[in-house]
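Descriptive structure summary
One-letter residues, chain by chain:
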Amino acid sequence: MAAIARYRSTGRAATMVRMQPLNPATAIGSWHAHVYFDAATRDAAWALREQVARELAGRFEMGRFHEQPVGPHPMWSYQLAFAPEQFASIVGWLALNHGALDVFIHPNTDDALRDHRDSALWLGRSHTLILGALDA
């Protein structure tokens, strides 16, 4: 595979950074989708959780319903963990059905910081993650 050139702004001028492309088939072990909510949207988040459990049964593992920020997540959340081969069906379903809730999606490779900071996707609004929590 050929190296990919990316440009990074340093504040003064853009500098070119050469990167070796990663193979998603071997680099991504799994995916996480984190549904974000707060006290005002808790009931909507719980209703979506129940609907996801019914409609996507057997395609993912459901995480705990956290009514406090956990790890790098600045809001209350729950997680769906799924295999790469389920990406299209699960993310497609969430894209069409997340309503007013925001969903943070990231791959799981051998680099948690890159996964959360550089390789993530958002459905709805994006939020600033607490990236220092990934150092622990």
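Now for a quick tour of the structure. Along each chain, residue indices are assigned from 1 in the same order as the chain's sequence is written. Local features are withheld for residues below a pLDDT of 70 in this predicted model, meaning they are given only at 70 or higher, and side-chain atom pairs are given and counted only at 80 or more; totals for whole chains, interfaces and linings count all residues. As a convention, hydrogens and water are excluded, and side-chain values are obtained from all of the structure's heavy atoms.

**Some remarks on the overall build of the protein chain**
Note the threshold: Secondary structure elements follow DSSP: runs of H or I no shorter than four residues count as helices, runs of E no shorter than two count as strands, and numbering proceeds from the N terminus. Note on classification: 1.4 Å probe, protein chains only; a residue is buried when its accessible area is under 20% of the maximum for its type, exposed when over 50%, partly exposed between these limits. All accessibility values rest on the Shrake-Rupley procedure with a 1.4 Å probe; residue burial counts only the protein chains present in the view.
Check the secondary structure of the protein chain and you find four helices and seven strands. Counting helices and strands in the order they occur from the N terminus, the protein chain gives β-β-α-β-α-β-β-α-β-α-β. Within the span of the protein chain, comprising 136 residues, buried residues form 31% of the whole. Carbon together with sulfur atoms contributes 52% to the accessible area of the protein chain, which is approximately 8,200 Å² in total.

**Re the sheet that holds strand 5 (residues 76-82)**
Let me state the cut-off plainly: Here a strand pair is declared whenever DSSP counts at least two bridges between the two strands. By definition in these notes, contact holds between two residues if any of their heavy atoms fall within 4.5 Å. A fitted line through C-alpha atoms serves as each axis, taken over the contacting stretch for helices, and the angle formed by two N-to-C directions is quoted from 0 to 180°.
Taking strand neighbours across the sheet as the criterion, the five strands line up as 4-5-3-6-7 in an open arrangement whose pairing is antiparallel. In this open sheet, the two strands that pair with only one neighbour each are strand 4 (61-62) and strand 7 (121-123). Those strands touched by helix 2 (residues 42-55) are strand 3 (30-37), strand 4 and strand 5, and its axis lies near 15° from that of strand 5. Packed on one face of the sheet, helix 3 (residues 87-97) meets strand 3, strand 5, strand 6 (102-108) and strand 7 and runs near 150° to strand 5.

Read these as geometric descriptors, not functional statements.
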